[in-house]
Amino acid sequence: MGNKFKPEMKMTRRSFLAWSAAMGAGFSLISLAERMTVEAAGVKSPEPASYFYQACPRNCHDTCTLISKVVNGRIVHVTGDPTHPITAGTPCVKGHCYPTWVYHPERILYPLKRAGKKGGGDWERISWDEAYTTITDKFKHLIASEGAETILPYSYSGNLGIVNNYGVPFRFWNKLGASKLERAVCSDAGKPATKYTYGQVGGIDPETYARTQLFVSWGVNHAATNVHIIKFINRARDNGAKLVEINPVRTPLASQADLHIQLRPGTDAALALGIMHVIINEGLYDQSFVETYTVGFDRLVAKVQSYPVERVESITGVPAAAIVEFARMYAAVKPSILRVGYGMQRNSNGGQMVRAISLLPALVGMVGVEGGGYVYINGDYWAYDWKALQRPDLLANQQVRSINMNEIGKALKGQTVETKDKPIKALFVYNSNPLAMATNTNLIKQGLEREDLFTVVVDPFMTDTADYADLILPAATFFEYEDINSDYLGWYVRLNQPAIPPLGESKSNLEIFAELAKRMGYDEACFQEAASAVIKAALNSGSPLFAGITYEALQAKHWLKLNLGTPFADKKFKTPSGKIEFYSESLAKAGFDPVAEHVPPAEGPEATPALFIRYPLRFLTPATKHFITTQFHNLPYIQEIYDGPVIFINPQDAGSRGIEAGDWVQVFNDRGQVRLKAAVTEAVKPGVVMSPKAPWHKLSPGGSNINALAPDRLGDMGGVSTYHTNLVQIAKV
Ligand SMILES: Nc1nc2c(c(=O)[nH]1)N[C@H]1C(S)=C(S)[C@@H](COP(=O)(O)OP(=O)(O)OC[C@H]3O[C@@H](n4cnc5c(=O)[nH]c(N)nc54)[C@H](O)[C@@H]3O)O[C@H]1N2
Ligand SMILES: Nc1nc2c(c(=O)[nH]1)N[C@H]1C(S)=C(S)[C@@H](COP(=O)(O)OP(=O)(O)OC[C@H]3O[C@@H](n4cnc5c(=O)[nH]c(N)nc54)[C@H](O)[C@@H]3O)O[C@H]1N2
Ligand SMILES: [Mo]
């Protein structure tokens, strides 16, 4: 990495024991019975060994319960909890690597300050005292001279801990009055889209998938992003269920599916309306369900008439016969589950695509039934006491400005309305690596290079973003602090115990914000709370979903299931009409078609024909099994098994460009360029290319990753990112 600092790891057995004694009750050893369960699962245990339970806090549906084995103060092995129904004893390929992640020789273990030009790679080790003083002096100066809004926290999902991500940092930023970050990179169009239809966002319990007869995976790549759920889908298939995959890419699960509908990206609303055209016009819908529990059916009937299957074929590229086949299957085979992914809605028209798809289960009566339903995200089941966690009451200026994280490059360059006259002067990055993961990264880099910008990065590793920091604070990993986590697909709250003390001088986000608060002179008691107190406050929301889920119960059991039955079993919906809305007045008020509509993507042959001539390929950059967004790329074991910086290209597109499998190619558009290796395959259709998110720039050939090409345009709903509305051209190098 070329940085002039020497990581050291000094934790003697004596200091470990002193630390573990100091951790007291929060540091519980697992019981003998549990240890026997672990050993029965094949974990060898030479004495003396201790075992600790973690909740993997990566941004991942699965949120595995892990068990780490510690010998002489060192984690020697990490496995999955064999008793957990979803984790079922095995982490994913990345989870297996955790010991090498924790003890990576390039972990940052001390505060560092820049010792050369920004991005130059020269660092000087400093004390925590100097680091804190530098930051708080800067903050105090900015607050007094230019206002607290010139300070912007940037964070997202490096760890999703309720304490260390969603909790304590917000208390600090509220009190300080910093600009708010609109955290809209991920699933934020699909949420409002789903709410327009059902009034809330939530999914069904994946452990009930086995009861379905038809599983429709619409824009999800389970084999990469959700491996622990596949066993439930397979159990359903063992019971005779059919599997349908609707995805522009032939994913591993699509290869095994009964039907793979390989549509053009960004055309899903047209497909959904075409399917509804068949179901309605052939009289296959659930008439009594529609009459009893929905409003606006007549408007839907009218709307689908403009989506006959021939027209839908020309928009989506899906043969009319396949649309009819699926429509008839979806109306006939019950119970059915329709699972919608997040990748698709990261498009300029993503919200409207999810809205159109969300109408399907209601049309065939698959809402509130066992083994059936619609699945998006479990956000509404995270029934924590958010006010106690984040303390919005500490924010004096309720009108504080908000900056969309998807426009971070523009914001740093003063190119947004909010930042033109009041520039961002301090950027505090934690739990995120924006320079690698966000859109239009060349612009972000220019922003980070600003000499008048003071940037702090808190991370366990020297990331692309950290390279441009003025100050780097060493973050402890989740094996080194206490927290709780929630799944966003399964229904659990899980305790995360520390297994070892923080390596070197690294600290948890909680500790860092506590000390910053002290030095800023914030004397509210909440700033000095231990993790256990924050967890207790968060769980104490009074929500019936959390009945029986307490800190003490979590310490004893490590994970506890939410108290939820079949969602919508009572057929009550939190929409304005109290019913499922095929026609939505709120959608109309927000400027959308009140039923649903196919809107061509903002970059494409219809919307930008001239651009399409120069850049005729639609570039998808979804997840790979090897990374969690930007994490793990720096692990040797992952590098060994990672296919490298590939781009999938159809033989037709490769042939017309003289590209053969294994050739290095340049992928480019007006925003940037990236060098990738061609994988010539029919897994993508002509006109579509695909390369996984989100390697580090500095570990990528040519020093640039795929997000150098990604647009910073916002999507139609929720201010979401639009990674997939991205036209490119490819040339052999
Ligand atoms: N091209 C493309 N890009 C995408 C996407 C896409 O589909 N395509 N998806 C987007 C989506 S959906 C998301 S959610 C984002 C995710 O992007 P991010 O939220 O940035 O998430 P990660 O890359 O997982 O982790 C960011 C950093 O957190 C650090 N970290 C880990 N644990 C801790 C900790 O305990 N404390 C601190 N302080 N830091 C820690 C890691 O070392 C890492 O550098 O990426 C987006 N980027
Ligand atoms: N291994 C691994 N797991 C992860 C992540 C990771 O980086 N690696 N990221 C995590 C994060 S942050 C998130 S948000 C989730 C995301 O979970 P998913 O939604 O499953 O993942 P994505 O890869 O973003 O997108 C899923 C699929 O959308 C498809 N897609 C793209 N455009 C379209 C379209 O227009 N129509 C249709 N029908 N499909 C389309 C892509 O081909 C891709 O297969 O996964 C999480 N889990
Ligand atoms: Mo995400």
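Heads up: the structure comes first, above all this text.
Structure report, in brief. (Residues numbered from 1 in each chain as written. Chains lettered and ligands numbered in written order. Predicted model: local features only at pLDDT ≥ 70, side-chain atom pairs only at ≥ 80, totals over all residues. Heavy atoms only, no water.)

1. As for the site of ligand 1
Stated precisely, the cut-off is as follows: Residues are labelled near a given molecule or strand when at least one of their non-hydrogen atoms is within 4 Å of it. Side-chain atoms alone can form a polar contact between residues adjacent in sequence; in general such a contact is a pair of N or O atoms within 3.5 Å, and within protein one must be able to donate a hydrogen while the other accepts it. The method behind every accessible area is Shrake-Rupley, applied with a 1.4 Å probe, and residues are considered shielded solely by the protein chains displayed. Think of it as three bins: nonpolar holds Ala, Val, Leu, Ile, Met, Phe, Trp, Tyr, Cys and Pro, charged holds Asp, Glu, Lys and Arg, and polar takes everything else, Gly as well.
As a structural note, the neighbourhood of ligand 1 is formed by 30 residues, with Asp459, Tyr481, Thr621, Thr630 and Asn707 the closest of them. Measuring from an oxygen atom of ligand 1, one finds a side-chain N or O atom of Ser157 at 2.8 Å. In this structure, an oxygen atom belonging to ligand 1 sits 2.9 Å away from a side-chain N or O atom of Ser432. If ligand 1 stood free it would expose 930 Å²; the protein chains cover 98% of that surface. A breakdown of the residues in the shell around ligand 1 according to their chemical character gives twelve nonpolar, 14 polar and four charged.

2. Focus: empty space enclosed by the protein
To find leftover empty space, a probe the size of one water molecule is rolled over the atoms. Spelled out, the test is: Of the grid points, spaced at 1 Å and generated over the protein atoms alone, those admitting a 1.4 Å probe that cannot get out make up cavities, while open sets with protein on both sides within 12 Å along at least five of seven lines make up pockets; any residue with an atom within 4 Å of a point is treated as lining. Grid points are joined across faces, edges and corners, and a volume is the space filled by probe spheres set on the points. For the purposes of this entry, the term helix denotes a DSSP run of H or I that reaches at least four residues, the term strand denotes a run of E that reaches at least two, and both are numbered from the N terminus.
Applying the stated criterion across every chain, the model contains five cavities of 30 Å³ or more. In this structure, the largest cavity encloses a volume near 120 Å³. Together, 17 residues line the largest cavity, and Ile204, Val367, Gly373, Tyr374 and Phe568 are the ones closest to its centre. Of all the secondary structure elements, the ones that give two or more residues to the lining of the largest cavity are helix H6 (190-198) and strand S13 (373-375). Residue classes in the lining of the largest cavity are distributed as nine nonpolar, eight polar and no charged.

3. Things to note about the pairing of strand S17 (residues 471-474)
Keep this limit in mind: Between buried and exposed lies partly exposed: a residue is buried under 20% and exposed over 50% of the maximum accessible area for its type, with that area taken using a 1.4 Å probe on protein chains only. Pairing between strands requires that DSSP locate at least two bridges from one strand to the other.
Of the two faces of S17, both are covered, the one formed by Leu471 and Leu473 as well as the one formed by Ile472 and Pro474. Pairing geometry for strand S4 (residues 112-114) and S17, over two bridges, is antiparallel. Across the sheet, Leu112 pairs through a bridge with Ile472, a residue of S17.

4. Observations concerning the site of ligand 2
Operational definition: Where each domain begins and ends follows an automated or database-derived domain assignment.
Close to ligand 2 lie 37 residues, the nearest being Gly266, Asp268, Tyr342, Phe627 and Thr629. In this structure, a nitrogen atom belonging to ligand 2 sits 3.3 Å away from a side-chain N or O atom of Lys94. In the model, a nitrogen atom of ligand 2 is placed 2.6 Å from a nitrogen or oxygen of the Asp268 side chain. For ligand 2, whose accessible area on its own is 910 Å², the fraction buried by protein is 98%. Looking at the shell around ligand 2, its residues break down into 18 nonpolar, 14 polar and five charged. Each of domain 1 (190-379 + 573-589) and domain 2 (609-732) accounts for three or more of the residues forming the shell around ligand 2.

5. Focus: the pattern of salt bridges
Stated formally: Salt bridge, as used here: a side-chain nitrogen of Lys or Arg that lies within 4 Å of a carboxyl oxygen of Asp or Glu.
Counted by the stated rule, this structure contains 34 salt bridges. Residues Arg713 and Glu603 are paired through a salt bridge, measuring 3.2 Å at the closest nitrogen-oxygen approach. Taken together, the residues Arg713 in the loop between strand S26 (688-690) and strand S27 (727-732) and Glu603 in the loop between helix H24 (585-589) and helix H25 (609-614) connect sequence positions 110 residues apart. Given the relative accessible area of 6%, Glu603 is considered buried. Through salt bridges with shared partners, one network takes in Arg114, Lys118, Glu451 and Asp470.

6. Some thoughts on the environment of Arg657
Note the following rule: Note on contacts: a residue pair qualifies if any of its non-hydrogen atoms lie within 4.5 Å across the two residues.
By secondary structure assignment, the location of Arg657 is in the loop between helix H27 (651-656) and strand S24 (664-669). For Arg657 and Val216, which are 441 residues apart along the polypeptide, the C-alpha to C-alpha distance reads 36 Å. Once residues within four sequence positions are removed from consideration, Arg657 is found in contact with Pro616, Leu617, Gln729, Ile730 and Lys732.

7. Some details on the sheet that holds strand S10 (residues 259-261)
Filter applied, for reference: To define axes, lines are fitted to C-alpha atoms, for helices over the stretch in contact only, and angles between the resulting N-to-C directions are given on a 0 to 180 degree scale.
Strand order in the open sheet formed by five strands is S10-S9-S8-S12-S13, and the pairing between neighbours is parallel. In this open sheet, the two strands that pair with only one neighbour each are S10 and S13. Neighbour-to-neighbour, the strand axes of this sheet turn through a mean angle of 15 degrees, independent of strand direction. Relative to S10, strand S9 (residues 242-246) runs parallel, the two being bridged by three bridges. Across the sheet, residue Ile246 finds its bridge partner in S10, namely Ile261. In this fold helix H10 (residues 268-281) packs onto strand S8 (214-218), S9 and S10, with an angle of close to 150 degrees to the strand it touches most, S8.

8. Considering the packing of helix H13 (residues 309-316) against helix H14 (residues 320-332)
Condition: Orientation is classified from the angle alone, with under 35 degrees giving roughly parallel, over 145 giving roughly antiparallel, 65 to 115 giving roughly perpendicular, and any other angle giving oblique. Working rule for handedness: look at the near helix, and if it is turned counterclockwise from the far one by less than a right angle, call the crossing left-handed; if clockwise, right-handed.
The interhelical angle for the contact between H13 and H14, taken along N-to-C directions, is 115 degrees, at an axis separation of 8 Å. Viewed along their axes, H13 and H14 adopt a mutual orientation that is roughly perpendicular. As for the relative orientation of H13 and H14, their crossing is right-handed in sense. In this structure, H13 contributes Val309, Val312 and Glu313 to the contact, and H14 contributes Ala320, Ile323 and Val324. A breakdown of the residues in the contact of H13 with H14 according to their chemical character gives five nonpolar, no polar and one charged.

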